[in-house]
Amino acid sequence: RASSLGSMVPMDLSGTAWAFAKLTFGHEPLRHSIAARSIAIISEFLPQCLAPMAWSVAFISFNDSPLLEAIASASLAKIEDFPSQELSNTAWAFAKVAVCNLPLMQA
């Protein structure tokens, strides 16, 4: 239910997005609700939440430009904090959806 997403924190959102992507669960309204809530609080996302969110978007080919832009911006701001696995997963995700965020890729 979209109205209950308002209380979800970054770990909840990225975990939910990851799980539904892994299951290839294709509920568009849920995807859009998760994206909207994530964008609203993207500055609160740690690399350990940004990477699985990016991965889930790419894995299900949910090319949500505003969400991807938010992930790129938040990732760039925290790039020094990214462990190597999260960094590679994020790079893979952007490559998979053919989005070239040059500042992020050059960082």
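Residues numbered from 1 in each chain as written. Predicted model: local features only at pLDDT ≥ 70, side-chain atom pairs only at ≥ 80, totals over all residues. Heavy atoms only, no water.

### Description of the packing of helix H3 (residues 47–59) against helix H4 (residues 65–77)
In step 1: Interaxial distance between H3 and H4 falls to 10 Å at its minimum, and their mutual angle equals 150°. Regarding the angle of H3 to H4, the classification is roughly antiparallel. Between H3 and H4 lies a crossing of left-handed hand. For the pair H3 and H4, the contacting residues are Leu50, Met53, Ala54 and Val57 in the first and Leu67, Leu68, Ile71, Ala74 and Ser75 in the second. (Axes fitted to C-alpha atoms, helices over the stretch in contact; angles between N-to-C directions. Helix = DSSP H or I, 4+ residues; strand = E, 2+ residues; numbered from the N terminus. Parallel < 35°, antiparallel > 145°, perpendicular 65-115°, else oblique. Left-handed = near helix turned anticlockwise from the far one by under 90°. Contact = heavy atoms within 4.5 Å.)

### Topic: the packing of H3 against helix H5 (residues 84–96)
When two helices pack together, their arrangement is given by the angle between their axes and by how far apart the axes lie.
In step 1: H5 packs onto H3 with a crossing angle of 30° between their chain directions and a minimal axis gap of 8 Å. Judged by the angle between their axes, H3 and H5 are roughly parallel. In terms of crossing hand, the pair formed by H3 and H5 is left-handed. Note on element contacts: H5 touches H3 through Glu86, Asn89, Thr90, Trp92, Ala93, Phe94 and Lys96, opposite Pro47, Gln48, Ala51, Ala54, Trp55, Ala58 and Phe59.
In step 2: When its residues are assigned to classes, the contact of H3 with H5 shows nine nonpolar, three polar and two charged. (Nonpolar A, V, L, I, M, F, W, Y, C, P; charged D, E, K, R; others polar.)

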